[in-house]
Amino acid sequence: MEHLDDLLAGVDVTLTDEILDRIDEIVAPGTDVTRLDQAYLPSALLNPNLRRRPVSERGAA
């Protein structure tokens, strides 16, 4: 139950473009983590416009 409570506490968190840019600096989009990742190329990497939803649409709710 504690785990669920912790997850639900983040429902209203919205990541800004600044935070997403900082994450991209740490792990660049398209970075392969495992061999299985190398066989998968998501459409968001092919079309950068698909990488981020508008801020108003980023909430989990």
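For the structure, check the block above.
Residues numbered from 1 in each chain as written. Predicted model: local features only at pLDDT ≥ 70, side-chain atom pairs only at ≥ 80, totals over all residues. Heavy atoms only, no water.

Colleague: How do you make sense of the overall build of the chain when you look at a structure like this?
Modeller: In terms of regular secondary structure, the chain is built from four helices and zero strands. Going from the N terminus to the C terminus, the chain shows its helices and strands as α-α-α-α. Principal-axis analysis of the C-alpha atoms places the extent of the chain at approximately 35 × 25 × 20 Å. Counting across all 61 residues of the chain, residues that qualify as buried make up 3%. (Helix = DSSP H or I, 4+ residues; strand = E, 2+ residues; numbered from the N terminus. Buried < 20%, exposed > 50% of the residue type's maximum accessible area, 1.4 Å probe, protein only.)

Colleague: I keep staring at the pattern of salt bridges and nothing clicks. Help me out?
Modeller: In a structure, side chains of opposite charge can pair up when their charged atoms sit close to one another. Taken as a whole, this structure holds three salt bridges when the rule is applied. Between Arg52 and Asp17 there is a salt bridge, with its nearest N and O atoms 3.5 Å apart. With Arg52 in the segment after helix H4 (43-46) and Asp17 in helix H2 (residues 17-26), this residue pair connects regions lying 35 residues apart in the sequence. Salt-bridge contacts for Arg52 lead to Asp24; the nearest nitrogen and oxygen are separated by 3.0 Å. With Arg52 in the segment after H4 and Asp24 in helix H2, this pair connects stretches of sequence that are 28 residues apart. Salt bridges sharing partners connect three or more residues here, namely Asp17, Asp21, Asp24 and Arg52. (Salt bridge = Lys/Arg side-chain N within 4 Å of Asp/Glu carboxyl O.)

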